[in-house]
Each structure stands twice: as C-alpha cells, then as structure tokens.
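Fold and contact review
Residue-level listing of the chains:
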Amino acid sequence: MHFLQSVMMLKNLVCLVQWENSPEGRTTPRRKLQDCLQSYLQMITAQLHHSSCDVSSEAIKLMMLIGLPDTVSMATILNVATSTVNYFFCILHFEDSANRPCILNCCCKVLESLSKTAVGQTILLKELVEGALQQENAFLFGGKVVKYVDNASTSKDSKMLLLQENQRIGSTVSFAKQMTNVFHGGTVGKGVKPQVELVTISEDLMLMNIQTFICVVHSCLATDSRPLGSQSSTPGEVDSKSGNEVLANLLVDVICPDVTHAGVVWPEEEHIKTKIKMDLLIRNKFDSNPILWELMDMIASDSIAMCHCSPLLYSTLSTVINYWDSARVSRASDAPSELKASCNIIKYLSKAQLLVAPFCYIGEILDHLDPHEMFVLLSIVWATMKVM
C-alpha cells in the first residue's frame, strides 16, 4: 500500500507540472510548482532505486519535467548523474516492457540537461562508458560475457566422501605386477572445470540497445557545456575541451589506464614488437566490447579528438600488422575479425582526415587482398602516420 501512495503522489505531481507547462498554466499568476520541486531534486532522484518499477518510472518523468535549477551543487550533479545512468542501464535489461521507449526517452532528456554543465558532461560520459563495459551490461551491446554451467556440483558422485571413493577403488580387482595400495587423493575444488556459455540476446534488441546508447552519448556531446554555477552559456564560458575530446580521453583512461605513450606523435616501428602485451590487452577490450568501435566512430568526426585516441589506434593497428605478418590463411576474408579491425582503423583515420590520399581509400579493397599484401599496406600506413 505504501508504494501505491508513492505512485499516486508522483503521478499527481507529474500532472501538475504538465499543466503548468500548458498555455493555461503559463497565464495563471502564481509561484510555479516546478521551481519548488527543484529544491527536492535529490529526494526525487532517490526514488529511481525503488523496488517498484511504477515508482521509478514516475520519478524519472518528474525529473524530466522539472529539470535542473540555475545554480546546482556538485553533490547534486553527481547524485543525479550516477542514479540516472544506473537506472538507464536497468531499463535496457527489460525486454518486454511496454513503457521501455518512453522511459528511455525520459532518461535521455534528463542526461541531456545534466550535460549542459562541463562537470556534468564529464561525469555522465564516464558513467556511461564504464557502465557499458561492465559485465552485467556488456552483453546488451553485443559484448562477450560468459556464465558458468556447473553440472558437476549437482551430480551424486561429486558429493561422495573421500573414504567412500577409496573403498570403491579398493573393491576393484587387482592384477599382478601392479600397485594395489593406491589411494585416491580426492577432488580439488569442484573438480573438472565447469562449462561456460555466452550470454546473448536477440540481434534486433542488441541493435536497438546500441542505437539507444549512441543516441544518449551523442545528446550529451551535442550540448554546449558551461562552467558549474553559471547562469547561461556564452562563447567565453564554454569549456575549452569539446565533448569529443572529453570522450576520447575517457576511452583512453578506461581501456588502457597505464599507457605510457599518449599524444599525436606515433611511436617507431619497434613498438610493434616490444609492446605486444599491452597491445593485445587493448585489442581484447575492443573484441569483447564492440560498442567501443561505435564510440570510436563518433570521435572520428573530430580530428583533434581522434589524436587523443592515438594509443588505441596504434595499439590495434599493431595487433593486426603482427597477425597478417604470420597469418596462414589464403585470403584476408578468411579472418573476419582481423579484417574488420583493419577496416575500422583505416575508416577512422580517413574519417578524421589523419590519413592522406591514396591510403585513405584502401579500406575498400582490403577484403580482396591476401595476408602478405595486408601486412605491406598496413605497414606503409604505420610509416605514413609516423612521419605526419
């Protein structure tokens, strides 16, 4: 009964704020309820963690309607940003909810309003990127997440005592010239390594989730950020770093936090052979989380921001150069994952105008080449990027 009262109260507040925004409500001389509710924004945000979906859905609708006050504290921005992003990923887990599109749209509007401040934009992008890479959310965007199928623990033999196992071994027939007093050492842990299987969802739902996530990130990047506490956004107040640059720096920090080389200048060719471990770790992140390729595609529209992602570019390029150098396939199309990574790298460098002609067009012919030709072309691309 308590959550029903909460739902009714939130619905009434939503109706009142909607009426205030109507032509009739604007002409009524009185203090707006919307301004009063902004003072209780953190209390309303706390309802996003309610166990009832009805309460949380009405809370996000109310947050979308009342917006942010003109002056907002850092604590409020942090609380609202983290709670809204967590709620956004929770809604993505609901496959058959009828209100799913409406609630996701409300989340997008709330996040867009938060990104109007420079600190809010940075917090939101960090929470979104880290949330998309978490194990409980990665499979929503096509990420490789495995779960263990423990069949051994449910069998009757796995619960057998060590004494019983030795008695069973001792009751067998012994042959001459063989050791008869051999005792079983027991089972280490849970025995044989359990089977694993990938956590998957339907392809249509995965594509919808990717599109929704990219739209949310794009809405956060498209907003001109202003310093915390400022009343309006003027050309002199806009943060020096664009949203794409903030996203690029966040990707580098999240994917390779201990990277030793970061900057526009590419390393020498010796990097391909000396930094294999770090390059493979970075490449594994991209293979396990395809959403990272989509984020790199967004950043590629800004050449300056793409330069901040140079550690990710030359690390992935290094892995494919090493692969094609020793590949045993007859055609490049026989290694689809490596071919896709190679095409993506050329695509992003070309889109960011970091790769000059005619090398910016080689992505159209890569699937027709053999491994040695791939190795030669990509090595030339590496040398071209190094001298630029």
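Residues numbered from 1 in each chain as written. Predicted model: local features only at pLDDT ≥ 70, side-chain atom pairs only at ≥ 80, totals over all residues. Heavy atoms only, no water.

This part covers the overall build of the protein chain. What the protein chain contains, in helices and strands, is 19 helices and two strands. The 388 residues of the protein chain split such that 42% are buried. Taking the intrachain contacts of the protein chain between residues at least 6 apart in sequence as the baseline, contacts between residues at least 24 apart amount to 74%. Put simply, the protein chain shows about 21300 Å² of open surface, and 57% of that area lies on carbon and sulfur atoms. (Helix = DSSP H or I, 4+ residues; strand = E, 2+ residues; numbered from the N terminus. Buried < 20%, exposed > 50% of the residue type's maximum accessible area, 1.4 Å probe, protein only. Contact = heavy atoms within 4.5 Å. Areas by Shrake-Rupley, 256 points an atom, 1.4 Å probe, with all protein chains shown as cover.)

On to the nonpolar core, then. Ranked by internal contacts, the top residues of the largest apolar core, which has 106 residues, are Phe 213 and Leu 312. Excluding its chain neighbours within four sequence positions, the residues that come into contact with Phe 213 are Phe 88, Phe 89, Leu 128, Ala 132, Phe 141, Ile 291 and Leu 295. (Core = buried A, V, L, I, M, F, W, Y, C linked by side-chain atoms within 4.5 Å.)

Mapped onto the elements, Tyr 314 comes out in helix α17 (residues 310-326). Taking the C-alpha atoms as reference, Tyr 314 lies 9.3 Å from Met 385; in sequence the two are 71 residues apart.

Note: most peptide bonds trans; most residues except glycine with negative phi. Cis geometry is adopted by the peptide bond preceding Pro 358, which originates at Ala 357 and carries an omega value of 5°. Counting through the fold element by element, Pro 358 comes out in the loop between α18 (336-351) and α19 (371-387). Its identity is not glycine, yet Gln 353 carries a phi of approximately 60°, on the positive side. When you line up the elements, Gln 353 lands in the loop between α18 and α19.

Before going further, it helps to spend a moment on the packing of helix α8 (residues 118-133) against helix α12 (residues 243-255). Between α8 and α12, the shortest axis-to-axis distance is 10 Å and the interhelical angle comes to 40°. Considering the angle they form, α8 stands oblique to α12. The two elements α8 and α12 cross, and the hand of that crossing is right-handed. Judged by residue contacts, Gln 121, Thr 122, Leu 125, Lys 126, Val 129, Glu 130 and Leu 133 of α8 engage Gly 243, Val 246, Leu 247, Leu 250, Leu 251 and Val 254 from α12. Residue composition of the contact of α8 with α12, grouped by class: eight nonpolar, three polar and two charged. (Axes fitted to C-alpha atoms, helices over the stretch in contact; angles between N-to-C directions. Parallel < 35°, antiparallel > 145°, perpendicular 65-115°, else oblique. Left-handed = near helix turned anticlockwise from the far one by under 90°. Nonpolar A, V, L, I, M, F, W, Y, C, P; charged D, E, K, R; others polar.)

This paragraph deals with α8. Between its first and last C-alpha atoms α8 spans 23 Å; for 16 residues at 1.5 Å apiece the expected length is 22 Å, and the two agree. For α8, the complete set of buried residues consists of Ala 118, Gly 120, Gln 121, Ile 123, Leu 124, Leu 125, Leu 128, Val 129, Gly 131, Ala 132 and Leu 133. (Expected span 1.5 Å × (residues − 1).)

Our next topic: the packing of aromatic side chains. Per the counting criterion, the structure on display carries eight aromatic pairs. Centroid distance Phe 286 to Trp 293: 4.6 Å. Interplanar angle 45°. Geometry classified as tilted. We classify Phe 286 as buried; its relative accessible area is 2%. Grouped by ring-pair contacts, the aromatic residues Phe 88, Phe 89, Phe 141 and Phe 213 constitute a single cluster. (Phe/Tyr/Trp six-rings, centres within 6.5 Å; stacked < 30°, edge-to-face > 60°.)

Right, let's get into the pattern of salt bridges. Summed over the entire model, instances satisfying the criterion amount to six salt bridges. Arg 283 is the salt-bridge partner of Asp 287, the closest N and O atoms lying 3.1 Å from each other. Note that Asp 287 and Arg 283 are positioned in helix α14 (residues 276-288) at a spacing of four residues, about one turn of the helix. (Salt bridge = Lys/Arg side-chain N within 4 Å of Asp/Glu carboxyl O.)

Another aspect to go through is the packing of α14 against α17. Between α14 and α17, the shortest axis-to-axis distance is 8 Å and the interhelical angle comes to 100°. Here α14 lies roughly perpendicular to α17, going by the angle between them. On α17, the residues touching Ile 276, Asp 279, Leu 280, Ile 282, Arg 283 and Phe 286 of α14 are Pro 311, Leu 312, Ser 315, Thr 316, Ser 318, Thr 319, Val 320 and Asn 322. Here the residues of the contact of α14 with α17 are counted per class, giving seven nonpolar, five polar and two charged.

On to the environment of Leu 125. Checked against the element boundaries, Leu 125 lands in helix α8. Judged by relative accessible area, Leu 125 falls into the buried class, the value being 0%. C-alpha of Leu 125 to C-alpha of Ala 81: the two residues are 44 residues apart in sequence and 9.7 Å apart in space. For Leu 125, the contacting residues outside a window of four places in its chain are Val 217, Cys 220, Leu 221, Gly 243, Val 246, Leu 247 and Leu 250.

This part covers the state of the cysteines. Per the counting criterion, the structure on display carries zero disulfides. Sulfur of Cys 108: no disulfide; nearest cysteine sulfur belongs to Cys 220 and is 7.1 Å away. (Disulfide = S-S within 2.5 Å.)

The subject of this paragraph is the environment of Glu 245. Topologically, Glu 245 is positioned in helix α12. You can call Glu 245 buried: its relative accessible area is 13%. Separated by 58 residues in the primary sequence, Glu 245 and Ser 303 have C-alpha atoms spaced 9.6 Å apart. Ignoring anything within four residues of it in the chain, the contact list for Glu 245 reads Ile 304, Ala 305 and His 308.

Attention now goes to the confidence of the model for the protein chain. For the protein chain, per-residue confidence averages 81 on the pLDDT scale, and residues scoring 70 or more make up 76% of the total. When the elements of the protein chain are averaged for pLDDT, helix α10 (residues 162-170) gives the smallest value, 61, and helix α15 (residues 291-299) the largest, 94. A low-confidence stretch, residues 152-157 stays under pLDDT 50, and its non-local contacts, those more than four residues away or across chains, total five contacts. Here residues 231-240 is modelled with pLDDT under 50, and outside its nearest four sequence neighbours on either side it reaches 16 contacts, counting other chains as well. (pLDDT = per-residue confidence, 0-100.)

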